[in-house]
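Observations on the three-dimensional arrangement
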Amino acid sequence: MFDLTNPIFFDADKAREHLGSINWPNGPVCPHCGETEKLKRLEGQSHRAGLIQCNNNACLKNFTVTVGTVFERSKVPLNTWVYATHLLTSSKKGISSHQLHRVLEVQYKTAWFLAHRIREAMRVGALAPMGGAGAPVEVDETYYVSFEAAGQHIGLVPGGGPQGMTSPVAYWHVPDIEAKLAEVTAAGATVKDPARDVGGGRLVATVTDPDGNVLGLLQDR
Ligand SMILES: [Zn+2]
């Protein structure tokens, strides 16, 4: 199940690449202006890893895949975030900051910070949209703000957050994604990304509720 040898759990570059592939399935998108063409990867020692320059004349800002996510501006390596997120979302009984501290081999206060930020992202992405859409959905005890690793999926949906920025989206397990899409749209939500196959027989879709919150639906076939 949980493949600890997966490099996204111990290599920050691999974790970043992985986030990129989830976040930008069709290539990078500037989170400031939406530019997809005039983008340049800034390589070399003088730049932060993963930095991309937007050459749209109206923008000219730099960004990385973590802009607008809970991982933004963190000194904690991305792979540690990935690992922490995996542990927090895959444990049905929950996991304490003390356990994270031991497993991740980080300081307790760092573990506490990670747990706090990730749980907050899950709460914001998870609970708010459900009431807003006026559509009660069965929530599996394990819900997902995670990465496509070891049977987990993270939703870092482009344009999913405030100001069109990237933000984590929680995914609900549903038995029939098309039926659930019909149900929530009937309740006032709009389909943001129709159901698509992300591999392994897994379908995901995202919808926006009337308040602009984004939530994800996930079906394993
Ligand atoms: Zn831009």
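The structure reproduced in this document is the subject of the present report. Every value quoted in this text rests on a predicted model; they were computed, and no experiment measured them. (Residues numbered from 1 in each chain as written. Predicted model: local features only at pLDDT ≥ 70, side-chain atom pairs only at ≥ 80, totals over all residues.)

Within the largest apolar cluster, 18 residues are counted, with the highest numbers of intra-cluster contacts made by L78, W81, V82, A84, L100, L114 and A115. Of all elements in the fold, only α1 (12-23), α2 (78-90) and α4 (108-132) reach the threshold of two or more residues within this core. Examining the composition of this core, we find that 7 residues originate from one element, α2, more than from any other. Once residues within four sequence positions are removed from consideration, L100 is found in contact with A84, L87, I95, A111, L114 and A115. W172, I177, A189 and V204 belong to the second-largest nonpolar core, a separate cluster that totals 11 residues. (Core = buried A, V, L, I, M, F, W, Y, C linked by C-beta atoms within 7 Å. Buried ≥ 20, exposed ≤ 12 C-beta atoms within 10 Å, placed from the backbone. Helix = DSSP H or I, 4+ residues; strand = E, 2+ residues; numbered from the N terminus. Contact = placed C-beta atoms within 7 Å.)

What follows is about the sheet that holds strand β3 (residues 62-63). Taking strand neighbours across the sheet as the criterion, the 3 strands line up as β1-β2-β3 in an open arrangement whose pairing is antiparallel. The open sheet has two free edges, formed respectively by β1 (39-41) and β3, since each of these has just one partner strand. Both β1 and strand β2 (residues 52-54) contribute to a ladder of 3 bridges, which runs antiparallel. Within the sheet, the bridge partner assigned to R41 lies in β2 and is I52. (Pairing = 2+ DSSP bridges.)

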